[in-house]
Amino acid sequence: EYSKTCVVRCPVAEMRALPSSSMSAASPKGRPSQVLFALYVALTVLFGVVNGVTGPVLPELEAQADLDSAGIGDVFLYRGVGSMAGGFAIGFILDAVRDPHAVLVALLALKAAAELTMPFSSDLESLGFQFCIIAFCGNAIATVILTAVSWTYGEMMGPR
């Protein structure tokens, strides 16, 4: 069931767009589309920075998992695989579920669980698996949020 209040065919009834009277005054090249585009880019950069802050904790992770510098480098491999998988899989998940709020809550819970169990990782495999899950969720969360923005305010952002 599609919401009748959304500007574009948004499958989530809770995601309401601006009334059509205010939308008609905003051209796709006007100020509202520039602000939304700036927010879209800012969200992408913000999640990229948050997901990329692994460097400062590497010495602690090396000591925790009893690894050397070369061994801890594998964490970046696991994180990269998780990030690519998250970006790829979330499209299929959103198409199947069609509720970004539920998907977002599940991803945040999974990411929190992986981060809360991080102190209990004692080897490279468990540490790598947790980084894979965290990166998967991080990329998927950014994609879900940006998709929800596009579904809600797509017309104001301009043509594809």
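Residues numbered from 1 in each chain as written. Predicted model: local features only at pLDDT ≥ 70, side-chain atom pairs only at ≥ 80, totals over all residues. Heavy atoms only, no water.

Draft legend 1. Spotlight on the overall build of the chain. Helices and strands together make up the secondary structure of the chain, namely seven helices and zero strands. Written out in order from the N terminus, the α and β elements of the chain read α-α-α-α-α-α-α. Taking the contacts inside the chain whose residues are at least 6 apart along the sequence as the reference set, 71% of them involve residues at least 24 apart. Per element, the accessible surface of the chain, about 9500 Å² overall, is 67% carbon and sulfur. (Helix = DSSP H or I, 4+ residues; strand = E, 2+ residues; numbered from the N terminus. Contact = heavy atoms within 4.5 Å. Areas by Shrake-Rupley, 256 points an atom, 1.4 Å probe, with all protein chains shown as cover.)

Draft legend 2. Focus on the packing of aromatic side chains. Applying the stated criterion across every chain yields a total of one aromatic pair. An angle of 70° between the planes, with centres 5.3 Å apart, marks the rings of F88 and F92 as edge-to-face. One end of the pair, F88, and the other, F92, are both in helix α5 (residues 74–97), four residues apart, so they sit about a helical turn from each other. By the burial criterion, F88 is exposed, and F92 matches it. (Phe/Tyr/Trp six-rings, centres within 6.5 Å; stacked < 30°, edge-to-face > 60°. Buried < 20%, exposed > 50% of the residue type's maximum accessible area, 1.4 Å probe, protein only.)

Draft legend 3. Main features of the nonpolar core. I90, L107 and L127 are the most contacted members of the largest nonpolar core, which totals 21 residues. Those elements giving two or more residues to this core turn out to be α3 (58–65), α5, α6 (100–116) and α7 (124–157). At 10 residues, the largest contribution of residues to this core is made by α7. (Core = buried A, V, L, I, M, F, W, Y, C linked by side-chain atoms within 4.5 Å.)

Draft legend 4. Inspection of a nonpolar patch on the surface at higher detail. A contiguous nonpolar patch, built from F37, V41 and V45 and spanning about 270 Å² of accessible area, is present on the exposed surface. Within the element layout of this structure, V45 appears in helix α2 (residues 31–51). (Patch = residues over 30% accessible without salt bridge, like charges linked within 9 Å, V, L, I, M, F, W, Y side chains within 5 Å. Salt bridge = Lys/Arg side-chain N within 4 Å of Asp/Glu carboxyl O.)

Draft legend 5. Looking closely at α6. With 17 residues, α6 ought to run about 24 Å at 1.5 Å a step, and its terminal C-alpha atoms sit 24 Å apart, in line with that. Along α6, the positions that sit buried rather than exposed are P100, V103, L107, K111 and A114. An end-on view of α6 places all buried positions within 65° of arc, on one side of the element. Facing away from the buried side of α6 by more than 90 degrees, the exposed set consists of V105 and L116. (Expected span 1.5 Å × (residues − 1). Arc of directions from axis to C-beta.)

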